[in-house]
Amino acid sequence: MTPAEPTYAPHSAYHVLRSVNTIDYSVASAGDAADSAPASPVSWSQSNAVVFGRGNRVHYKNMADTEDVAQQLCKITGSLGSLRLVQCGGKDQPNVVALATSGGGVQLWDLVAKKMVCSWKMKNVTSMCFGENMLTIGDEKGTLRHYDTRVLDPTKMKEQLKKVTRHQGRILKAAWKEDGKHLATGDQNGLVLVWDARRPRVPLEVGEMVQRRRKMQHVGAVTALAWCPWQTKYLVTGDSTAEGTGTIRVWDVVDDSPSTEWPTKVELDAQVTSLHFSPHIRELLSTHGPGKTAPAPVTPTTPSTPLDDPFASASIVVDPFTSRISNSVVVHQFPTMRHVTTVPVAKSNVAGSVLSPNGHRIVFAVPEESQLKVWEVWGKFKAPKPPSLYETCAIR
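A separate point is the pairing of strand 25 (residues 283–288). Most of strand 25 is tucked away, with 6 of its 6 residues classed as buried. The alternating pattern of strand 25 places Glu283, Leu285 and Thr287 on one face and Leu284, Ser286 and His288 on the opposite face, and all of these are buried. Two elements, strand 24 (residues 272–277) and strand 25, share 5 bridges in a ladder whose sense is antiparallel. When the bridges of strand 25 are listed, Val272 appears paired with His288. Connecting strand 24 to the antiparallel partner strand 25 that follows it, the hairpin turn spans 5 residues. Both strand 25 and strand 28 (residues 328–333) contribute to a ladder of 5 bridges, which runs antiparallel. Residue Ser286 lies in a different strand from strand 28, and its bridge partner there is Val330.

Here the focus is unusual backbone geometry. Cis geometry marks the peptide bond from Phe334 to Pro335; its omega dihedral reads 15°. One can find Pro335 in the loop between strand 28 and strand 29 (339–344). Look at Asn48: it is not a glycine, yet its phi comes out positive at around 70°. With respect to the secondary-structure elements, Asn48 resides in the loop between strand 3 (42–44) and strand 4 (49–55). Phi at Lys114 is positive, roughly 55°, even though this residue is not glycine. Counting through the fold element by element, Lys114 comes out in the loop between strand 9 (105–110) and strand 10 (115–121).

Conventions we followed
Residues numbered from 1 in each chain as written. Predicted model: local features only at pLDDT ≥ 70, side-chain atom pairs only at ≥ 80, totals over all residues. Heavy atoms only, no water. Buried < 20%, exposed > 50% of the residue type's maximum accessible area, 1.4 Å probe, protein only. Helix = DSSP H or I, 4+ residues; strand = E, 2+ residues; numbered from the N terminus. Pairing = 2+ DSSP bridges.

Laid out in structure tokens, this is it:
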């Protein structure tokens, strides 16, 4: 007997995933070779505005209004270099957005007032994320800095700054857990660290046993992080190797001896560029780059005319094999990691993505196509209607 086809809930990405529209988008070119951090300046605010870059101009678009035209928030001046990162605040700061530039500028803006509320200098910013009344910034050398965003005086903000150095390479990704109790960070050397907000100086000892200590280590650079919102002990991370492959790892940051019932590693033939959990259904989404290419076999041919040299070898040149998930979005069930669907979303690298606050839509950043691609991803959960009084009392 053939196994039955899996069935998916109506609000699963299997049924919902589809393109909606696009937004013009561009990434400013790096000003110099030292500015090597990957740039993907786009974020989605809790007030439902997508904030993004068009060259050195920062725009925002109200996603609640389909007819709304993107408006300019500000322009990055030449002295600050090029726009590198955009990060919107959390639930306690729904209208705040942080900008970082290649020239060492960090700015906080109010989306409603359309004005800058604070700015300071910090070189080599490579990652940003908001926690509870806090902006965490990672840099090129592996240093984390925690800024209290309630303090808008730059001098006082720097006086209260908490600085931690444990990474030995560029911090590419950082993500606070929704409850604000734990922070995850990942660097270009493949190291993932988890921090307790109550003891921010020393990372937690979690992960696999490596030389008598627990460690979370990838082969490639850590390019994606996501905390599970409904099984909060799980952190999922993704990497990208120089060969074009990627791996998704599942970490239990609570149990020293986690269950082996579910897979903890998924090896893929394309880079992992972002990860998102659905808040509505037990599914995990990953986006991927161009992936690994392998040379296609050369097929010999026979001469087609008597004029051809019968002793000459001929061959048909075939395009190289590309990854089956190249420039695609892949959805997995969680924690089983069973495949749900794979859909190509671009012809070139999907540099990253941001999920809407309600978890129904996603924006894919495709710099090489100068587009942000807006897609439906997960539907609204509809609870089954309880039986009516007539149905429960009817005589059968």
